[in-house]
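Observations on the model geometry
Here are the chains, one letter per residue:
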Amino acid sequence: QGPTSVPGGLSLAGGTMSAFEGTSFGEYEGELKEMLEKAQGAGAADIIAECQDLISQMKLEMRTMPKDEKAAAAVAIQGYERQLQEAESALLLGGGGGGAAEEAPVDTSDRGRMQATTDRLEEQQTKLSRARDLVADIEETGEEIVSELAANREKIEATQAKVDEANQNMDKANTITGRMGKWFNRW
């Protein structure tokens with residue numbers, strides 16, 4: 001299948017993903033593709049909001065997938081999020097939103113405000129990306145700490161076993177010493 005066209009000259013790679021057919025994720029994906037195609041006409045803002053909801057649902061479904069499918073789903077979701085951002089930018093800048101944006105020309109101040117909004121969105125995306133990286137680093141550090149704690153626990157348990165054995169030997173030695181003392185006291 002060829003690429004599917006969406007607002008702003010974007011395209012979706014390769015139609016439906018066969019790995020997800022027959023799943024809730026696949027259903028959401030198909031619906032999302034249809035919605036992105038419809039986002040070219042009037043009412044695009046509402047359709048984009050629905051697309052955001054579908055992506056949220058896809059993220060929830062992705063959590064329940066096996067690890068190998070989860071990776072492919074994450075890549076697909078990132079692609080759809082990127083396409084949705086581009087569609088939103090096209091709508092804000094009047095380049096493919098349809099409806100009133102094509103009927104009335106956008107004046108310079110409106111374009112400036114839209115560009116400022118787009119810049120703020122990009123800045124927020126950058127901050128969000130940095131936050132995700134930070135969370136990934138924290139998660140990795142947490143995993144290292146957990147593995148270190150597990151190793152320490154094994155060492156402590158081994159040491160505790162040695163201490164228990166030493167205590168048993170001390171008890172035997174005390175018993176033997178006590179018997180020897182009684183034996184010497186008889187004389």
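These lines cover the structure that appears in this document, whether it is placed above or below. Nothing here was measured: the structure is a model prediction, and the numbers come from that model.

Looking at the overall build of the protein
Secondary structure summary: the protein contains 5 helices and 2 strands in total. Overall, the protein shows an N-to-C arrangement of helices and strands of β-β-α-α-α-α-α. Each of the 187 residues in the protein was classed as buried or not, and the buried ones make up 20%. Put simply, of all contacts in the protein between residues at least 6 apart along the chain, 59% involve residues at least 24 apart. Element-wise, carbon and sulfur atoms account for 53% of the exposed surface of the protein, whose accessible area totals about 13200 Å².

Regarding the pattern of salt bridges
Within this structure, the stated rule accounts for 3 salt bridges. Lys-59 is paired through a salt bridge with Glu-81; the nearest N and O atoms lie 2.5 Å apart. Of this pair, Lys-59 sits in helix H2 (residues 44–63) while Glu-81 sits in helix H3 (residues 67–92), placing them 22 residues apart in sequence. Using a relative accessible area of 32% as the deciding quantity, one classes Lys-59 as partly exposed. Owing to a relative accessible area of 22%, Glu-81 belongs among the partly exposed residues under this scheme. Lys-127 serves as the salt-bridge partner of Glu-123, at 3.5 Å between the closest nitrogen and oxygen. Separated by 4 residues within a single helix, Glu-123 and Lys-127 lie in helix H5 (residues 108–185), roughly one turn from each other. Residue Glu-123 is classed as partly exposed on the basis of its relative accessible area, which comes to 45%.

Analysis parameters
- Numbers given to residues run from 1 along each chain, matching the order in which its sequence is written.
- Totals for whole chains, interfaces and linings use every residue, but because this is a predicted model, local features are given only for residues with pLDDT of at least 70 and side-chain atom pairs only at 80 or more, for both listing and counting.
- With hydrogens and water set aside, each side-chain value is computed from the structure's full complement of heavy atoms.
- Elements are defined by DSSP. Helices are runs of H or I of four residues or more, strands are runs of E of two residues or more, and each kind is numbered from the N terminus.
- Summary of the burial criterion: residues with accessible area below 20% of their type's maximum are buried, those above 50% are exposed, and those between are partly exposed, where the area comes from a 1.4 Å probe applied to protein chains only.
- Between two residues, a contact is recorded if the distance between any of their heavy atoms is within 4.5 Å.
- Here, Shrake-Rupley sampling with a 1.4 Å probe gives the accessible areas, and only protein chains in the shown set may cover a residue.
- Salt bridge criterion: a side-chain nitrogen from Lys or Arg within 4 Å of a carboxyl oxygen from Asp or Glu.

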